[in-house]
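Listed here are the chains, written in short residue letters.
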Amino acid sequence: MRLPYPSAHDVALILAPMAGVSEAPFRQVCRAAGADVVISEFLSSEAIRRRIRATLEGAEFEEHERPIGIQIYGADPDAMAEASALVTEHYEPEFIDINFGCPVKKVVQRNGGSGCLREPELVAKIIRAVIGATHLPVTVKTRSGWNEESRDPVSIALRMQDAGARAFTLHARTRTQMFGGRASWDEIARVVEALDIPVIGNGDVQHAEDVVRMRAHTGCAGVMVGRGAFGNPWIFRDAQALLAGEVLPPTPDAAERFRVALEHARLALRLQGDTRKTVMEFRKHLGWYTKGLHGASDLRQRLFQVESIAEAESIFVSYLQPLEQVA
Ligand SMILES: Cc1cc2nc3c(=O)[nH]c(=O)nc-3n(C[C@H](O)[C@H](O)[C@H](O)COP(=O)(O)O)c2cc1C
């Protein structure tokens, strides 16, 4: 079975769903940089069902983001089915992804996200309910288990495949690990071995070379990149180059980083509103784009205080001035 979307090479590069990060502006930047496919941040099925505006806005995307998956979560199969039907009808993404991996307390307390991992019957019921309410392919994303004792990604994956999932993404950590320790790529390899549906590996892909390493280590059909893309959409460009057998393109210099940061910021203002809130929430991206630059920590401190994108732009200009004089 193949992934329900095309890819440039024989392994698909996927931008991870990340709340507060994988919103439309960043998805567009990553697609332009070379991500084959993107996924929305997770959206509550209950909130979709109740037509909560802020949640529905999270399901909106522009045509050039395609192929795109909308991710939903929740522990009530009826609400999940309703959300699945509404997302299909109003937004028509390429696929619907179910989140069974979120470790956040507020979510798992109601058995949402990775909370479902404690109830295997419920997991199957949710997947079937979502599939029954859409003509779109339904994929799933989960962790390796609830905790070390119950860690069993192969059984989890087989159960999800049996319930009808079209692709399986494993973030190879348990819920109790949150984001600590290392993701087990061995587990991803074991799941690839056990399943007939495509498996997407996720966890600790920090550099383009890691994409190639994960692929070689696990045989996965797709590699999902999360935190490694923070301020670094070039990870997709670089990984595509490596997969094509080409040498790595030059590392983006400060001017290129700032150019893309500002392009990203303008997209945010256009798509999320030219408001103070948009600027506040964008500050983290500004900081991430400076990672590794000379004087980054001072630069980051100043960027974390900007009240407008124009202010960020003038900080960038003054940073580049002495460099331009040297050149
Ligand atoms: C800020 C943040 C928000 C996240 N939000 C989501 C989410 O909405 N849905 C989801 O399935 N995973 C979410 N994740 C988990 C990531 O998709 C991914 O599984 C995890 O970060 C491991 O991959 P990485 O090591 O490449 O970052 C989030 C992670 C981070 C850091």
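Just above, that's the structure.
What you see is a predicted model; the values in this text were computed from it and never measured.

(A) Focus on the site of the ligand. Not every one of the 17 residues close to the ligand is listed here, only the nearest: Ala19, Gln71, Asn202, Asp204 and Arg227. One of the side-chain nitrogen or oxygen atoms of Asn99 is found 2.8 Å away from an oxygen atom of the ligand. Alone, the ligand offers 600 Å² of accessible surface; in the complex the protein occludes 87% of this. A class-by-class count of the residues in the shell around the ligand yields seven nonpolar, six polar and four charged.

(B) Molecular detail of the packing of aromatic side chains. This model, assessed by the stated rule, comprises six aromatic pairs. Centre to centre, the rings of Tyr5 and Phe95 are 5.1 Å apart; their planes meet at 35 degrees, and the pair counts as tilted. Residue Tyr5 is found in the segment before strand 1 (12–15), and its partner Phe95 is found in strand 5 (residues 95–100); the two are separated by 90 residues along the sequence. Residue classification places Phe95 among the buried positions, given a relative accessible area of 2%. Relative to Phe316, the ring of Phe258 has its centre 4.0 Å away and its plane inclined at 10 degrees; by these criteria the two rings are stacked. Residue Phe258 is found in helix 11 (residues 254–272), and its partner Phe316 is found in helix 14 (residues 309–326); the two are separated by 58 residues along the sequence.

(C) Structural context of helix 7 (residues 153–162). Listed as buried for helix 7 are Pro153, Ile156, Ala157, Met160 and Gln161. Along the long axis of helix 7, the arc covered by the buried residues comes to 135 degrees, so they all point the same way. On the buried face of helix 7, the contacting elements are strand 5, helix 6 (120–132), strand 6 (138–145), strand 7 (168–174) and helix 8 (185–194). One or two steps after helix 7, the chain reaches Gly164, where phi turns positive at roughly 115 degrees.

(D) Region of interest: the pairing of strand 6. Within strand 6, eight of the eight residues are buried, which leaves it mostly tucked inside the rest of the structure. For strand 5 and strand 6, the ladder comprises five bridges, and the chain directions are parallel. When the bridges of strand 6 are listed, Phe100 appears paired with Thr142. In terms of strand pairing, strand 6 meets strand 7 through five bridges, oriented parallel. Within the sheet, the bridge partner assigned to Thr142 lies in strand 7 and is Leu170. A crossover links strand 6 with its parallel partner strand 7, the connecting element being helix 7, and its sense is right-handed.

(E) Spotlight on the environment of Ala59. Inspection of the secondary structure assignment puts Ala59 in the loop between helix 3 (53–57) and strand 4 (68–73). With a relative accessible area of 2%, Ala59 lands in the buried category. Sequence separation between Ala59 and Ile70 is 11 residues; the distance between their C-alpha atoms is 6.4 Å. Leaving out residues up to four positions away in the same chain, Ala59 has contacts with Leu43, Ile70 and Tyr91.

(F) Expanded view of the environment of His135. Note that His135 resides in the loop between helix 6 and strand 6. When residues no more than four places from it in sequence are discounted, the contact partners of His135 are Thr88 and Glu92. Side chain to side chain, His135 and Glu92 meet in a polar contact 3.2 Å long.

(G) Structural view of the pattern of salt bridges. As enumerated under the stated definition, the model contains 22 salt bridges in all. We note a salt bridge from Arg49 to Asp76, for which the minimum N-O separation is 3.5 Å. Here Arg49, found in helix 2 (residues 45–49), pairs with Asp76, found in the loop between strand 4 and helix 4 (77–91); they are 27 residues apart in sequence, far enough to count as distant. Between Arg259 and Glu263 there is a salt bridge, and its shortest N-O distance comes to 2.9 Å. Pair noted here: Arg259 and Glu263 are both in helix 11, with a separation of four residues, about one helical turn.

Rules used in this analysis
- Residues numbered from 1 in each chain as written.
- Predicted model: local features only at pLDDT ≥ 70, side-chain atom pairs only at ≥ 80, totals over all residues.
- Heavy atoms only, no water.
- Near = heavy atom within 4 Å.
- Polar contact = N/O pair within 3.5 Å; in protein donor to acceptor, adjacent residues only side chain to side chain.
- Areas by Shrake-Rupley, 256 points an atom, 1.4 Å probe, with all protein chains shown as cover.
- Nonpolar A, V, L, I, M, F, W, Y, C, P; charged D, E, K, R; others polar.
- Phe/Tyr/Trp six-rings, centres within 6.5 Å; stacked < 30°, edge-to-face > 60°.
- Helix = DSSP H or I, 4+ residues; strand = E, 2+ residues; numbered from the N terminus.
- Buried < 20%, exposed > 50% of the residue type's maximum accessible area, 1.4 Å probe, protein only.
- Arc of directions from axis to C-beta.
- Contact = heavy atoms within 4.5 Å.
- Pairing = 2+ DSSP bridges.
- Right-handed = clockwise from strand over helix to strand, strands pointing away.
- Salt bridge = Lys/Arg side-chain N within 4 Å of Asp/Glu carboxyl O.

Nothing here speaks to function; it is geometry throughout.
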